[in-house]
Amino acid sequence: MRVLIKNDEQSVAAFAAEYIACRIKGHTGEAPFVLGLPTGSTPFKTYARLVEMYREGRVSFANVVTFNMDEYVGLDREHPQSYHRFMWDNFFGLVDIKPENANILDGMALDLAEECARYEKKIQWYGGIDLFMGGIGTDGHIAFNEPFSSLNSRTRVKTLTQETIESNSRFFGGDTSQVPREALTVGVGTILSAKEVLILATGSAKATAVKMGVEGAYNHKWTVSALQTHPHGILVIDEPAAGELTVNTYRYFKEIEK
Ligand code: PGA
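No experiment lies behind these values; they were computed from the predicted model shown.

(A) Focus on the overall build of the protein. Scanning the protein for helices and strands turns up eight helices and ten strands. The C-alpha atoms of the protein give 17 Å as radius of gyration, which agrees with the globular expectation for 258 residues (18 Å, within 12%). In terms of principal-axis extent, the alpha carbons of the protein reach across some 50 × 45 × 35 Å. A burial count over the protein gives 53% of its 258 residues as buried. Residue pairs at least 24 apart in sequence account for 78% of intrachain contacts in the protein once pairs closer than 6 positions are excluded. Element-wise, carbon and sulfur atoms account for 52% of the exposed surface of the protein, whose accessible area totals about 11200 Å².

(B) Local environment of the sheet that holds strand β4 (residues 70-72). Strand order in the open sheet formed by three strands is β4-β8-β7, with antiparallel pairing between adjacent strands. Single-partner strands in this sheet number two, and they are β4 and β7 (156-159). Each strand axis lies, on average, 30 degrees off the axis of its neighbour in the sheet, ignoring direction. As judged from the three bridges shared by β4 and strand β8 (residues 182-185), these two strands associate in the antiparallel manner. Residue pairing in the sheet places E71 in a bridge with L184 of β8.

(C) Broad picture of the side chain of S169. When you line up the elements, S169 lands in the loop between α5 (162-168) and β8. A distance of 2.7 Å separates a polar side-chain atom of S169 from the backbone oxygen of E166. When near neighbours in sequence (up to four residues on either side) are disregarded, S169 contacts G174, D175, T176 and V179.

(D) Geometry of the site of the ligand. Taken together, G40, S41, T42, G135, I136, G137, H141, R170 and K206 make up all the residues around the ligand. A distance of 2.7 Å separates an oxygen atom of the ligand from a polar atom in the side chain of H141. Taken together, the residues that form the shell around the ligand break down as one nonpolar, six polar and two charged.

(E) Representation of helix α2 (residues 41-55) within the structure. For α2, which comprises 15 residues, the first-to-last C-alpha distance of 22 Å matches the rise-based estimate of 21 Å (1.5 Å per residue) to within 8%. Every buried residue of α2 is listed here: T42, P43, T46, Y47, R49, L50, V51 and M53. Of the surrounding elements, those touching the buried residues of α2 are α1 (9-24), β2 (33-37), α3 (83-90), β6 (131-134) and β9 (196-201). Looking one or two residues past α2, G57 carries a phi angle of roughly 80 degrees, positive in sign.

(F) Region of interest: the sheet that holds strand β3 (residues 64-68). The strand order across the open sheet formed by seven strands is β1-β10-β9-β6-β2-β3-β5, and the pairing between neighbours is parallel. At either margin of the open sheet sits one strand with a lone partner, and together these are β1 (2-6) and β5 (102-103). Here β2 pairs with β3 via five bridges, running parallel. Pairing of G36 across the sheet is with F67, part of β3. Contacts from α1 reach β1, β2, β3, β6, β9 and β10 (233-238) within the one sheet, and its direction differs from that of β9 by about 160 degrees.

(G) Representation of the packing of α1 against α2 in the model. Where α1 contacts α2, the two axes come as close as 8 Å, and the packing angle between them is 50 degrees. With respect to α2, the element α1 is oriented oblique. Here α1 runs over α2; the crossing is right-handed. The segment α1 lies against α2, with E9, Q10, A13, A14, A16, A17, E18, I20 and A21 engaging K45, T46, R49, L50 and M53. Looking at side-chain class alone, the contact of α1 with α2 contains eight nonpolar, two polar and four charged residues.

(H) The packing of aromatic side chains, seen in detail. With the rule as written, the count across this model stands at 15 aromatic pairs. Where F67 meets Y119, the ring centres are 5.4 Å apart and the plane angle is 80 degrees; that geometry is what we call edge-to-face. Taken together, the residues F67 in strand β3 and Y119 in helix α4 (residues 112-125) connect sequence positions 52 residues apart. Taken individually, F67 and Y119 each receive the classification buried, so the pair is uniform in this respect. Ring-pair connections join several aromatic residues into one group, and the members of that group are F44, Y47, F61, F86, W88, F91 and F92.

Reading the values: the criteria
Residues numbered from 1 in each chain as written. Predicted model: local features only at pLDDT ≥ 70, side-chain atom pairs only at ≥ 80, totals over all residues. Heavy atoms only, no water. Helix = DSSP H or I, 4+ residues; strand = E, 2+ residues; numbered from the N terminus. Rg over C-alpha atoms; globule rule 2.2 N^0.38 Å. Buried < 20%, exposed > 50% of the residue type's maximum accessible area, 1.4 Å probe, protein only. Contact = heavy atoms within 4.5 Å. Areas by Shrake-Rupley, 256 points an atom, 1.4 Å probe, with all protein chains shown as cover. Pairing = 2+ DSSP bridges. Axes fitted to C-alpha atoms, helices over the stretch in contact; angles between N-to-C directions. Polar contact = N/O pair within 3.5 Å; in protein donor to acceptor, adjacent residues only side chain to side chain. Near = heavy atom within 4 Å. Nonpolar A, V, L, I, M, F, W, Y, C, P; charged D, E, K, R; others polar. Expected span 1.5 Å × (residues − 1). Parallel < 35°, antiparallel > 145°, perpendicular 65-115°, else oblique. Left-handed = near helix turned anticlockwise from the far one by under 90°. Phe/Tyr/Trp six-rings, centres within 6.5 Å; stacked < 30°, edge-to-face > 60°.

Dropping the structure here:
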């Protein structure tokens, strides 16, 4: 695992946006780039930077197919807190991606298991995901793979932990009763099947999850620790998120970055 420690969240976003833009270049409609994407406050600035780069003519999403990580169960796609809305308001609607290439799980599907199986099949049809970008929850989850998720899991329905419900209630006017109890999410195995995985973490609230993911054991309690087994896993964090790493770990990654 590579760990890149940047000064602040702006630098994390700038790095992630440049990285994605660089990977996308040169792809065609016949061989599109397949990009896995998250929602949340962490990637917000990365999307803003990518939109800026698109407006400057530095990147195009015309030959990109995306698969979002997750979606709440029971929220209509037009609900202001649905991940559909988030993606269309903050990214897809502002760049040149073809609507039919932007895949997001349907949390209103009548048969949720069938929807998850369809999603996995579609990812495979494209030959897998080239680069999966993600964030981390304070409990160490990647996508909605909450603590004790199988590290081989594929796309499925997950019940959210109280910690996640409380953390996400900030988007629902602070009212935990408004936060859906379940979500559809790609599995840890789905993420690890991507050719590259880029996980972003910013702010001191993520420092424990970062520590457990980088220095802790490969363990289903901190599902981000599964990144340790990926041949091309990169964790990009800011200084506050690095706050609980041991001095030696911190120095090691700062040194090799030079
Ligand atoms: P956040 O969420 O970016 O809003 O902190 C990350 C996550 O829960 O995966």
